Structures are given as C-alpha cells and as structure tokens.
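Fold and geometry: a report
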Amino acid sequence: MNRDEFENLIALIDDLSQEQRDLLRKALEGENDFEHVVSIIESRLAAKRECAHCHSGNVKKWGKSRGLQRYRCYDCGKTFNSLTDSPLAFLRKKDRWLKMASSLKEGLSVRKTAARCGVSVSTAFRWRHRFLRAAASDKPVKLEGIAEADETYFLESFKGHRQLPRPSRKRGGKAKKRGLSSEQIPVLVARDRQGAVIDAVLQDQSKAAVKKVLSGRLGRDNILCIDGGNALWGFVNDEEIPFKLILADKHVHEKDSIFHIQNVNGYHHRLKSWMVRFNGVATKYLPNYLGWRRVYERPHAVLTPTAWIQAALGRYQHLM
Ligand SMILES: [Zn+2]
C-alpha cells in the first residue's frame, strides 16, 4: 500500500462505528485464523444490519452459533447470521478459510489446496467452487468507449462425469477433428480499454448466444472492434453498435491503429496459459474459472487472502 492509500485508510477510521472498531482491532491484533475469519464474515453486517430473508432492519441479537453472532428478525420471525445469504453459507472449518483463500490467490491445484488446508480433495474442490461462485457472476454492467470482442475455444472436458460419452482423452489431449467441432467450447471475451471484462461460455457459435451475453452491455456510444466472425458481426448489426472490422490475419485495423483486438487476444492467451495447470476443467465449471481469472485481471486488484474471502462472500468491490 502506498503512502496516499495508507493516509486515506487512517482518515476513514473516524467514520467507524463502535462495532466496526472492535472488528478492526481484532483483525489487527492477529488473533488466530478462526477469529480472523469470523471478523471478516461479521463485517458484512457491521455496516448495515438487516434480515437476510426479508431485508427488514427490525432485528435483534439472538445468541451465537459456530462462532458467529445470530440474529432474529421481528418481521418474518426467522434467524440468520452474516453468512446466511452468501455462497459460503454452511461451509465448515472456518479456521482453514484463510489458507483456502491463499490457495486461490496462488492458483494452486486442488490437490495442493487440499494439502495446505488439511481437508480432503473432494472438500477442497467443493470449497473452490463455492469460493468462486460470487466472482463468476460479478461482471460489469456496461463496457465503456472503445471495446474489443473475440471468441476463443476450450476443448470440451467430461472430467468428473461418471459415464463418459466417449473414451477419455489423455491429459492435455488434442481434439480428434481439426478446426472447430462440437468438442470445442466457445468462450467469448469482451474488454474495454479501462480493463473491464465481460466473459462467458457461449451455448453455441450463433448470434443469439452472443446477444445473450452482450445485449445491453454495449450501445451506440461504444465502438466495438471485432474480427468479422459471423456471430459478432450479426450482433453488432442487429443492435446497431458502431464497430471496426479487424482482418483476422492482421489484429490491427488497416487504417487506424487505435482499433485492434490485441488486448482481448492477449487476455485469451493469459487465460489459456494459466488454465494449463488444471489439466482440463469440466465444461460446467468453466464459468467459475473464467471468474477466477477475471479477478487477477482487475485493474488495481488487492489480492490479499482477506480480500478473497470478502469477494467470496459477494463483496467483490474489496478486490478493487
Ligand atoms: Zn426478516
């Protein structure tokens, strides 16, 4: 953290409530991992305490359970805690969550994650996907100014399926057919020049599939750089989005070099190189891995284990 950021942090202390001060003190005093994780979780409700079920503010403290303060709502009568409506609800062993977060930060394999956290491989795998759930769905509402979009392809993986629809491939194998085939899963990445990224696994290579992902997130105030593939071409024409066509073998617009798809192609490249370590991921989990990569790619991301837990709780802005 640089000096300006630190001075800002100190200045913010004046605005803390008593409860927030207590949580901050606990976090600074470096108590054990369990209490630290509890203080991260409890900070979710420290700023604004409302019912996890009906959002009423008419709530009262109602004992403790598994280290967490429990509350009861006067309006709907239900009880809840700071984890209730989060992707991490009902996960056990909170004393290991900081280690889980550091494994995500380092991009560890599931086996190494299991070893670090002292849990089984299946638990590490389940935790990974719970921790990534919020990141997977957190995408910018709109891209700004000049943006780029292009598709890339991942080899379909049936990893984790008991009954394979075809004989299993050796790790890192190649598609049987050359070029595009049903074994290739299309992934669309759109990115603006500020670094905001919208990515998604496409149902197929149709215009409709692209619309489902990008509709409403680009408009007439954008200029979208594309390489002329049918689906994106159809999308920009239907939605009347200004665009620049980049010839597939050029990567840069012939007349004006400000228009190119080099950022998005660079993103594809980093995404693929980073995913090599996972030895092929099941298609149904691919959106979570896209979200994981997107976290690293955020401009000015703070990637501390605490920030990863906050993000997993659905407080993504903490990684900004
Ligand atoms: Zn309620």
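Scroll up to find the structure.
The present account deals with the structure reproduced in this document. (Residues numbered from 1 in each chain as written. Predicted model: local features only at pLDDT ≥ 70, side-chain atom pairs only at ≥ 80, totals over all residues. Heavy atoms only, no water.)

Here the focus is the sheet that holds strand β8 (residues 243-245). Pairing is mixed in the open sheet, where five strands are placed in the order β6-β5-β4-β7-β8. Here the strands that pair on one side only, and so sit at the sheet edges, are β6 (197-201) and β8. Adjacent strand axes in the sheet meet at a mean angle of 20° when their direction is disregarded. Here helix α8 (residues 230-238) sits on the sheet and contacts β4 (146-155), β5 (184-192), β7 (223-226) and β8; the angle it forms with β7, its principal contact strand, is near 160°. Lying on the sheet, helix α10 (residues 286-297) is in contact with β4, β5 and β6; it crosses β6 at an angle near 160°. (Pairing = 2+ DSSP bridges. Helix = DSSP H or I, 4+ residues; strand = E, 2+ residues; numbered from the N terminus. Axes fitted to C-alpha atoms, helices over the stretch in contact; angles between N-to-C directions. Contact = heavy atoms within 4.5 Å.)

So, about unusual backbone geometry. The phi dihedral of H55 is positive, around 65°, even though this residue is not glycine. Its location among the elements puts H55 in the loop between α3 (33-46) and β1 (59-65). A relative accessible area of 49% places H55 in the partly exposed class. Even without being a glycine, F90 presents a positive backbone phi close to 70°. Secondary-structure assignment places F90 in the loop between β3 (79-80) and α4 (97-106). Using a relative accessible area of 78% as the deciding quantity, one classes F90 as exposed. (Buried < 20%, exposed > 50% of the residue type's maximum accessible area, 1.4 Å probe, protein only.)

With that settled, the discussion passes to the pattern of salt bridges. Summed over the entire model, instances satisfying the criterion amount to 16 salt bridges. Note that D33 and K99 form a salt bridge whose closest N and O atoms lie 3.9 Å from each other. In this pair, D33 is assigned in helix α3 and K99 in helix α4, connecting sequence segments 66 residues apart. Judged by its relative accessible area of 29%, D33 is partly exposed. Two residues, R298 and D138, come together in a salt bridge whose shortest N-O distance is 2.6 Å. Here the residue R298 occupies a position in the loop between α10 and α11 (305-312), and D138 occupies one in the loop between α6 (121-137) and β4, the gap between them amounting to 160 residues. Since its relative accessible area comes to 17%, R298 is described here as buried. (Salt bridge = Lys/Arg side-chain N within 4 Å of Asp/Glu carboxyl O.)

We now examine the sheet that holds β1. If you trace the three strands from one edge of the open sheet to the other, you get β1-β2-β3, paired in antiparallel fashion. Bordering the open sheet on either side are β1 and β3, each of which pairs with just one other strand. Relative to the sheet, α3 contacts β2 (68-73) and β3, its axis offset from that of β2 by approximately 25°.

Ligation of the zinc ion by protein atoms is provided by C51 (SG), C54 (SG), C73 (SG) and C76 (SG), these donors lying 2.3 to 2.4 Å from the ion. Taken together, the four donor atoms surrounding the zinc ion define angles of 105 to 119° at the centre, an arrangement classified as tetrahedral. Sequence positions of the residues that donate to the zinc ion give the spacing C-x2-C-x18-C-x2-C. Classification of C73 by relative accessible area gives buried; the value is 0%. (Donors = N, O, S within 2.8 Å, 3.2 Å for Na, K, Ca; no water. Tetrahedral: all angles 85-135°; square planar, octahedral: opposite > 155°, others 65-115°.)

The next thing to look at is the packing of aromatic side chains. With the rule as written, the count across this model stands at eleven aromatic pairs. The interplanar angle of 25° and the centroid separation of 5.5 Å between the aromatic rings of Y71 and F80 together place this pair among those described as stacked. Note on Y71: relative accessible area 2%, which makes it buried. Feature note: the residues W274, F278, Y289, W292, Y296 and W308 constitute an aromatic cluster, connected by ring pairs. The residue whose ring lies beneath R72 is W62, and the NZ or CZ to ring-centre distance is 5.0 Å. One cation-aromatic arrangement involves K272 over F154; the distance from NZ or CZ to the ring centre is 5.1 Å. (Phe/Tyr/Trp six-rings, centres within 6.5 Å; stacked < 30°, edge-to-face > 60°. Lys NZ or Arg CZ within 6 Å of the ring centre and 35° of its normal.)

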